[in-house]
Amino acid sequence: MNFYKRLSLLLFYLLSYNINIGLGQEYAPSVRFFNASDGLPDNAVHTVYQDTNDFIWVGTRFGLSRFDGYSFKNWTRRSHGYNFERISRIGQDDAGWLWLWNNEGILFLNPVTEEIL
């Protein structure tokens, strides 16, 4: 066997050994699914946003939810008098106010004081 053939086989063996080690490690992410029975206003989620305080905001068909890692707090038309239905996009400005886009326009929510404009 010539030198290049042996070198090629050796490189192939070493590379395939390293690839197998990397593939042998498994990654099992932890995923939890939430729905209306867990506290969301509806199962139809339109948008999800994480604010600067690490709260998760969820815009659904029938309201807005804030998730603190344990439970949901909801804003709906019935509970707050504003149209929190069909929130399609959530953003946050430098002052900390959340911008909530829905089918009627934009709502502004201060997540600290819960003031709504």
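That block above? That's the structure.
Owing to the predicted nature of the structure, the values given are computational and were not obtained by experimental measurement.

Reading guide: rules and limits
- Residues numbered from 1 in each chain as written.
- Predicted model: local features only at pLDDT ≥ 70, side-chain atom pairs only at ≥ 80, totals over all residues.
- Heavy atoms only, no water.
- Core = buried A, V, L, I, M, F, W, Y, C linked by side-chain atoms within 4.5 Å.
- Buried < 20%, exposed > 50% of the residue type's maximum accessible area, 1.4 Å probe, protein only.
- Contact = heavy atoms within 4.5 Å.
- Phe/Tyr/Trp six-rings, centres within 6.5 Å; stacked < 30°, edge-to-face > 60°.
- Helix = DSSP H or I, 4+ residues; strand = E, 2+ residues; numbered from the N terminus.
- Lys NZ or Arg CZ within 6 Å of the ring centre and 35° of its normal.
- Pairing = 2+ DSSP bridges.

Draft legend 1. Broad picture of the nonpolar core. With 11 residues, the main nonpolar core is built from Trp57, Leu64, Trp75, Phe84, Ile87, Ile90, Leu98, Leu100, Leu107, Leu109 and Ile116. Setting aside anything within four residues of it in sequence, one finds isoleucine 116 in contact with Trp75, His80, Tyr82, Phe84, Phe108 and Leu109.

Draft legend 2. Quick peek at the packing of aromatic side chains. Counted according to the given criterion, the structure contains 6 aromatic pairs. The interplanar angle of 80° and the centroid separation of 5.4 Å between the aromatic rings of phenylalanine 34 and phenylalanine 72 together place this pair among those described as edge-to-face. One end of the pair, phenylalanine 34, is in the loop between helix H1 (3-24) and strand E1 (45-50); the other, phenylalanine 72, is in strand E4 (residues 72-75), and 38 residues separate them in sequence. With a relative accessible area of 32%, phenylalanine 34 lands in the partly exposed category. With centroids separated by 4.6 Å and ring planes inclined at 35°, the aromatic side chains of phenylalanine 67 and phenylalanine 72 adopt a geometry described as tilted. Judged by its relative accessible area of 13%, phenylalanine 67 is buried. The class of phenylalanine 72 is buried, set by a relative accessible area of 17%. Cluster of aromatic residues (ring-pair linked, three or more members): Phe34, Phe67 and Phe72. A cation over an aromatic ring shows up here: arginine 66 above the ring of phenylalanine 55, its NZ or CZ 4.8 Å from the ring centre. In this structure, arginine 89 is placed above the aromatic ring of tryptophan 101, and the distance from its NZ or CZ to the ring centre is 4.8 Å.

Draft legend 3. View of the pairing of strand E2 (residues 56-60). Counting buried residues in E2 gives 4 out of 5 residues, a clear majority hidden from the surface. Across 5 bridges, E1 lies against E2 in antiparallel orientation. The residue bridging tyrosine 49 from the neighbouring strand is tryptophan 57, located in E2. Connecting E1 to the antiparallel partner E2 that follows it, the hairpin turn spans 5 residues, and aspartate 54 within it adopts a positive phi of roughly 70°. Across 4 bridges, the pairing between E2 and strand E3 (residues 64-67) is antiparallel. Following the sheet pairing, valine 58 is matched in E3 by serine 65. In sequence, E2 turns back onto E3 through a hairpin of 3 residues.

Geometry only, nothing functional implied.
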